[in-house]
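Listed here are the chains, written in short residue letters.
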Amino acid sequence: MIHKPHVDWFALSPSLALLGAAGLLLMVAVLVPRRGRSGTAAFVGFAGFVTAFVFAIVLDAKSPHAAVLIHDTMFRDRWSALAQVLIAGSGAVAVLFSVGERWSEDHVAEYYALLTAAGAGMAFFVQAANLMTLFLGLEWFSIALYVLTAIDIDLIGSLEAGLKYLVVGAVGSATLLFGSALVYGRTGQLSFDRIAAAGHAHDPMFLVGLAMIIAGLGFKSSAAPFHMWTPDAYQGAPTPVTSFMASATKIAALVVAYRVLSVTFPHDHELWRWTIAGLACASLAWGNIAALVQRNVKRILAYSSVSHAGFMLIAVAAANQLGARALQYYLIPYAALSLGAFAIVAARERELGVPVTIENLAGFGWERPFLGVAMWTFMLGFLGFPLTGGFIGKFYVFAAAYDHGFWWLIVVGVVATMVSAYYYLGIVRAMYFRESADLQLAPSGGSPPREFLLSVGVAICLVVTVGSFFAVQPLIDVAKAAAHSLPL
Amino acid sequence: MNAWLTTILILVPLGGALLVAIAPLPGYWLGSLATLASLIEVGFWITAAGRFQYGDRGLQLDQQASWFRDLHVSYHVGQYAFSVWLVGMTVVVMAACTIYGWWVGRTRARLYFTLMLLLTGAIVGVFTAQDLLLFYAFFEAMLIPLYVLIGVWGGAGRMRATLTFVVYTVVGSLLMLAAIVAYGLHEHTFDLTQLPQRSSTWLFLGFVIAFAIKAPLFPFHGWLPDAYREAPPEVSAILSGVVSKAGLYGLLRIAIPKFPTVAHDWRVVLLVLASVSLVYGSLLAFRAPDFRGVVMYSSLAQSGLIVLGLFAFNNLGFDGAVLQMVNHAFISAALFLLAGMVERRTSTGELKLLGGMARGRPLLATVVMTTGIIALAVPLSSSFAGEFLILAGVFQQHWAWAVVGATGIVLAAMYMLRAISAVLHQDVGSAVPESALDLRIGELAVVVPLVLCLVGLSAWPGLVSSHSSPAGGWTSYAPPGVVKAAK
């Protein structure tokens, strides 16, 4: 008789709900007739994400005390539950954006199946409590994302992007795996807290393992210098996929990075703090400078996401309660901003039928007033202007850095923000200050498609972006409760 | 009601903006809606000014609500006596400019009027915020409407103008953000009424540079020529009349009282920069080829003069600075609007091509002349009162500053008279068509109230200058030892 561990199924419910939806969607792919397949698949995908969202909220409410489950493989705490709420929410909004995309009829259900599977993987990943589940979660959502990036084979560059992402992503995963092996080899332990308890701090082999784990997580959070895949993958992937990658992957990777570093390597905190601070500076510098010269809007947003990884890594480098709170808070408006901005790129793309550049955004603000104002708000949010949560997020991150005494990181962040004003406001400028009459291109036919669901999704992002500026206290309370699960 | 008044002053324009943004009305009606909102705002300001207890000169009409507790940030608004006057000039100038936009029939009315009202709310917020982070939020929020107002409705060179404007302002305000984070977190509060004084030079400079860019003060005025020339005239009026005062207000409310010793140590630097702004601005105004150029460089000069008053560190200087801020808001707003009206008739502002516009246009001539005469500070005018107070104040620092100030006032007479005569008198310019109309009723409705405010202040400058200091003089507001009592 095999002794089975007790399984707290409820703690795994967000992940399981999404996995269930993915399974159901594969059924839809074969059982539902072609005519109704697209709608049904989108509905099931949306329902899956919403169910996971609700489960994650309940899980957050019912896990006041952190616990480890199933032989120390998974965490049940508010830190992961809050991240799951954000991931599931991002997924649901991404489904809204996906409906209007011209998928080939054959693969539409598979697309949603992969999306929910990726979501399930991320929900699993953020709960990981040992090196095995960490790697399992990472590969689970990464493989789904590789396929999603390349799923639209009719799209120029999609396949290429998928391949690039696969190759670079695999290097990242392998690095993480090798690092885990070194740490395990030194300590003989898999679970995060026992590795910390084994006490092999400052051991060279252990530290090499730590460095490789940081590099592996750096790939996923697209922090410089591990960001090389980001612009290509973001540009080549179908835009709804990009929107999901930009928000959910970053949430998962950064939340896990904070946990792994603070739980597993508490004794080497001086080392990894400085390393992360260095990565933050590199990301801020590289992301912002590279964004300056881009013309393709998706590439600009990709580099902007690198720079935002830098901002959030400042919170990680601070490694204090305030920093953990800052990260969880920052992720809320950041997720809404990335989703919303890419959704608007998607809308313009569907209208023109060509990749969106600064030039062909001309006049967009006047033609589609709602989407124009929304894009404007998102750009100001990325820039960290008031009336958006981006402002409070940056403020909290700076506060965390100051609290730890990393005042110079504030200076770096401020300079990076100054540089970023050029390209964020450049997008606003392109939308409003130039006339579309100057634009010499034929729209892909007829009046622009009015997509109700996309507008709903953008409206949700807008509400979160602006709402997180006003309702800071309730959101911070939630983030604070989440941060208390970490041993900081 | 009293506690809510300041909040209402911020919310009325914001609510109006929301209404304009969504109301299913044609452009003309949106303009009237915006006008209505801006007039209601003026009404609420009159109520607030009436309820303000000038005998008790602490923070009044204040309201506080927690925003986020863990970093001690709150929504805290309220007004000191001087804030009342600054808010007053803001709402009046903004109403005039909104009505002007309505009168000239700005295209894309929905966005235009939404932005004008948002801007009103943001500026009122700057003058009333009593929490450092809230102040910063409003300070930054001013930039966005201005950016688009210049970029969409501006002249041919608007792209360059918006770029330089944004680069300068963002650099300044982010330096200020870094200073705010370091200052507020160190003191465990962001409340301006509770923040203790500090003697950190870095923090002081972080604030001062941001304010000097906004004011602007030499050598931070690089954005000024493009922005003021390319913006539509009513936006230039707002920029130089009201927005620049946000920078000067920052010096008055934050840089000087919170960093008194550093401010005292750096006073010579600031006084030198102010003097240079004054003289250099006046000379540029004298050489400027167009009407707007004269007005815009004169506002650089006026910023310098006001900073002279602030850094005189005494009651006379502060009183004079506040009075002059209010004066200059009305003067430069009226002059920019008049410049716009002239440009509408002649499609140019070049002084060489203008001239002789007084003939057959008595209303235009009277209004330009009255405003110009007040602007060049003839005795009995309100600017004379303001500038006299400033000079008397700065004289107590050192007589040399007063000499520089007096030179600036002489120069002001020169450039202002040159501009007036080039527009109104001399031979009829080649760009002035015979058919160019006198001021129309709508235009009069915009500028006459501004001129009347100036005439009123000329009759009773004490309304502002002796009702703006905190109780017991400015010594109780800024620390003893730094602010010397008037002799």
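Residues numbered from 1 in each chain as written. Chains lettered and ligands numbered in written order. Predicted model: local features only at pLDDT ≥ 70, side-chain atom pairs only at ≥ 80, totals over all residues.

Engineer: Give me the lowdown on the overall build of chain A, citing residues and values where you can.
Structural biologist: A tally of regular secondary structure across chain A gives 19 helices and two strands. Compactness check: chain A gives a C-alpha radius of gyration of 21 Å against a globular reference of 23 Å for 488 residues, within 12% of the reference. Summarising its shape, the C-alpha atoms of chain A cover approximately 65 × 55 × 40 Å along the three principal directions. The proportion of buried residues among the 488 residues of chain A is 64%. (Helix = DSSP H or I, 4+ residues; strand = E, 2+ residues; numbered from the N terminus. Rg over C-alpha atoms; globule rule 2.2 N^0.38 Å. Buried ≥ 20, exposed ≤ 12 C-beta atoms within 10 Å, placed from the backbone.)

Engineer: Account for the overall build of chain B, with residues named and values stated.
Structural biologist: Along chain B, the regular secondary structure elements total 19 helices and two strands. Rg of the C-alpha trace for chain B: 21 Å, near the compact-globule value of 23 Å for 487 residues, within the 12% margin. Considering only C-alpha atoms, chain B reaches an extent of 65 × 60 × 40 Å along its principal axes. Looking at chain B as a whole, 62% of its 487 residues are labelled buried. Taking the contacts inside chain B whose residues are at least 6 apart along the sequence as the reference set, 81% of them involve residues at least 24 apart. (Contact = placed C-beta atoms within 7 Å.)

Engineer: Give a description of the environment of Phe-68 of chain B that names residues and reports values.
Structural biologist: In this structure, Phe-68 of chain B sits in strand 1 (residues 60-68). Overall, Phe-68 of chain B belongs to the buried group, with 20 C-beta atoms counted inside 10 Å. Sequence separation between Phe-68 of chain B and Gly-349 of chain B is 281 residues; the distance between their C-alpha atoms is 50 Å. In contact with Phe-68 of chain B, other than residues within four places in its own chain, are Val-472, Gln-473 and Ile-476 of chain A together with Val-73 of chain B.

Engineer: Can you tell me about the nonpolar core, naming the residues and giving the values?
Structural biologist: Counting residues in each nonpolar core, the largest one holds 408 residues, and the members touching the most others are Ala-252 and Val-316 of chain A together with Val-93 and Met-142 of chain B. Looking at this core, the element that brings in the most residues is helix 13 (residues 321-352) of chain A, giving 20 residues. Other than its neighbours up to four places away in sequence, Val-316 of chain A contacts Leu-254, Ala-257, Tyr-258, Leu-261, Ile-276, Gly-323 and Leu-327 of chain A. (Core = buried A, V, L, I, M, F, W, Y, C linked by C-beta atoms within 7 Å.)

Engineer: So what's going on with unusual backbone geometry? Which residues, and what values?
Structural biologist: Residue and element names in this part refer to chain B. Note the cis peptide between Ala-215 and Pro-216, where omega equals -15°. Position of Pro-216 among the secondary structure elements: in the loop between helix 8 (201-214) and helix 9 (224-230). Although it is not a glycine, Leu-61 sits at a positive phi angle of roughly 50°. With respect to the helices and strands, the residue Leu-61 is situated in strand 1. Taking the number of C-beta atoms within 10 Å as the measure of exposure, Leu-61 has 26 and is therefore buried.

Engineer: Go over the interface of chain A and chain B with me, naming the residues and quoting the values.
Structural biologist: Chain A puts 24 residues into the contact, and the matching count from chain B is 25 residues. If you list the elements that add at least two residues to the side of chain A that touches chain B, you get helix 16 (389-404), helix 17 (407-432) and helix 19 (472-483) of chain A. The dominant element in the side of chain A that touches chain B, judged by the number of residues it contributes, is helix 17 of chain A, at ten residues. Split by residue class, the side of chain A that touches chain B holds 20 nonpolar, two polar and two charged. (Nonpolar A, V, L, I, M, F, W, Y, C, P; charged D, E, K, R; others polar.)

Engineer: Account for the pairing of strand 1 of chain B, with residues named and values stated.
Structural biologist: All names here are of chain B. As defined by bridge partners, strand 1 adjoins strand 2 (residues 73-79) across six bridges and the pair is classed as antiparallel. Across the sheet, Gln-64 pairs through a bridge with His-76, a residue of strand 2. Hairpin connection between strand 1 and strand 2: a loop of four residues separates the two successive antiparallel strands, and His-72 in this loop has a positive phi of roughly 60°. (Pairing = 2+ DSSP bridges.)

Engineer: I'd like a rundown of helix 10 (residues 233-258) of chain B, residues and numbers included.
Structural biologist: Residue and element names in this part refer to chain B. A rise of 1.5 Å per residue sets the reference length of helix 10, with its 26 residues, at 38 Å; its end C-alpha atoms lie 36 Å apart and thus fit the reference within 8%. Of all bends in helix 10, the biggest is about 35°, found at Leu-251. Of all 26 residues that make up helix 10, 26 are buried, and the element is covered over most of its length. (Expected span 1.5 Å × (residues − 1). Bend = angle between axes of the 7 residues up to and from the residue.)

Engineer: Could you give an account of the environment of Gln-63 of chain B, with specific residues and numbers?
Structural biologist: Residue and element names in this part refer to chain B. You can see Gln-63 is positioned in strand 1. The partly exposed category is assigned to Gln-63, around which 17 C-beta atoms lie within 10 Å. Linking Gln-63 and Val-171, residues 108 residues apart in sequence, is a C-alpha distance of 31 Å. Setting aside its immediate chain neighbours within four residues, Gln-63 contacts Ala-3, Trp-4, Thr-6, Thr-7, Val-77 and Gly-78.

In short, the description is geometric, and any link to function would need to be established separately.
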